[in-house]
Amino acid sequence: MNQIIKVGIGIMILNDNKILLGHRTEGSKDTGGIYQPGSWCLPGGKQEYQETIFECAARETKEETNLEISNMKIFGATDDIRPDRHFVTIWVLALENKGILEVMEPDKQDEWQWFDLNNLPKNLYSPSRKFIEAYIENKKQEKVIRG
């Protein structure tokens, strides 16, 4: 077993009350991340050596969706641990995006869709689910604090 902790970046692109999710291609090959084909995921991927968190977020989003993101901030982080791999996933919010949405890596995602935060698909990719649930809970707490 390769006992190296790797860094993954998950990007939640916000557009009003909607977020962008990609459907992970059924039967796709295991690329060394958390392998869950057929689930819906946020854009993201592995951070490269000498690449900042925001550079990685922008690169992965462009590579996967053709969108350019900006106005980013770190929302949180989590451990994603399986028996044979361990990722620290850093959660990045992207508050602005531009470009034409496209499926850029059909061997990884076969479609991208905007989903309302109140109407998400059932089969969410587990690292994405953690991020989305934390974001929704944070929004609820903000409403309570503001009154």
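Everything below is about the structure printed above this text.
Notes on the structure in this doc start here. Bear in mind the structure is a predicted one, so any value in this text is a computation, not a measurement. (Residues numbered from 1 in each chain as written. Predicted model: local features only at pLDDT ≥ 70, side-chain atom pairs only at ≥ 80, totals over all residues. Heavy atoms only, no water.)

## Re the pairing of strand β1 (residues 5-15)
Phase 1: Two elements, β1 and strand β6 (residues 85-98), share 9 bridges in a ladder whose sense is parallel. Across the sheet, Met12 pairs through a bridge with Leu93, a residue of β6.
Phase 2: The pairing of β1 with strand β4 (residues 44-46) spans 3 bridges and is antiparallel. Within the sheet, the bridge partner assigned to Gly8 lies in β4 and is Lys46.
Phase 3: Direction of pairing for β1 relative to strand β2 (residues 18-24): antiparallel, over a ladder of 2 bridges. Counterpart to Leu14 in the pairing with β2 is Ile19.
Phase 4: Connecting the antiparallel pair β1 and β2 is a turn made up of 2 residues, with Asp16 showing a positive phi of about 60°. (Pairing = 2+ DSSP bridges. Helix = DSSP H or I, 4+ residues; strand = E, 2+ residues; numbered from the N terminus.)

## So, the packing of aromatic side chains
Phase 1: Scanning the model with the defined rule gives 5 aromatic pairs in all.
Phase 2: Centre to centre, the rings of Phe75 and Phe131 are 5.8 Å apart; their planes meet at 20°, and the pair counts as stacked. Of this pair, Phe75 sits in strand β5 (residues 68-82) while Phe131 sits in helix α2 (residues 126-146); the two residues are 56 residues apart in sequence, bridging distant segments of the chain.
Phase 3: Given the relative accessible area of 1%, Phe131 is considered buried. (Phe/Tyr/Trp six-rings, centres within 6.5 Å; stacked < 30°, edge-to-face > 60°. Buried < 20%, exposed > 50% of the residue type's maximum accessible area, 1.4 Å probe, protein only.)

## Some points on the nonpolar core
Phase 1: By size, the foremost hydrophobic cluster in this structure holds 14 residues, and its most contacted members are Met12, Ile19, Leu21, Leu42 and Ile132.
Phase 2: Elements that contribute at least two residues to this core include exactly β1, β2, β6 and α2.
Phase 3: The element best represented in this core is α2, accounting for 3 residues.
Phase 4: When neighbours within four sequence positions are excluded, Met12 is seen to be in contact with Ile19, Leu42, Val92, Leu93, Ala94, Phe131, Ile132 and Tyr135.
Phase 5: Judged by nonpolar contacts, the second largest core, of 12 residues, contains Cys56, Ala57, Val92 and Ala94. (Core = buried A, V, L, I, M, F, W, Y, C linked by side-chain atoms within 4.5 Å. Contact = heavy atoms within 4.5 Å.)

## Remarks on helix α1 (residues 53-65)
Phase 1: Between its first and last C-alpha, α1 extends 18 Å over 13 residues, near the 18 Å set by a 1.5 Å rise per residue.
Phase 2: Buried residues of α1: Cys56, Ala57, Arg59, Glu60, Thr61, Glu64 and Thr65, and no others.
Phase 3: Of the residues flanking the end of α1, it is Asn66, one or two places downstream, whose phi is positive at about 75°. (Expected span 1.5 Å × (residues − 1).)

## Some words on the side chain of Asn66
Phase 1: By the element assignment, Asn66 lies in the loop between α1 and β5.
Phase 2: Of note is the side chain of Asn66, whose polar atom sits 3.0 Å from the backbone oxygen of Ile100.
Phase 3: Among residues more than four places away in sequence, those in contact with Asn66 are Thr61, Ile100, Glu102 and Met104. (Polar contact = N/O pair within 3.5 Å; in protein donor to acceptor, adjacent residues only side chain to side chain.)

## Overview of unusual backbone geometry
Phase 1: One non-glycine residue with positive phi stands out, namely Asp16, at about 60°.
Phase 2: Among the structural elements, Asp16 can be located in the loop between β1 and β2.
Phase 3: Overall, Asp16 belongs to the exposed group, its relative accessible area being 76%.
Phase 4: Even without being glycine, Asn66 reaches a positive phi, approximately 75°.
Phase 5: The exposure class of Asn66 is buried, given its relative accessible area of 15%.

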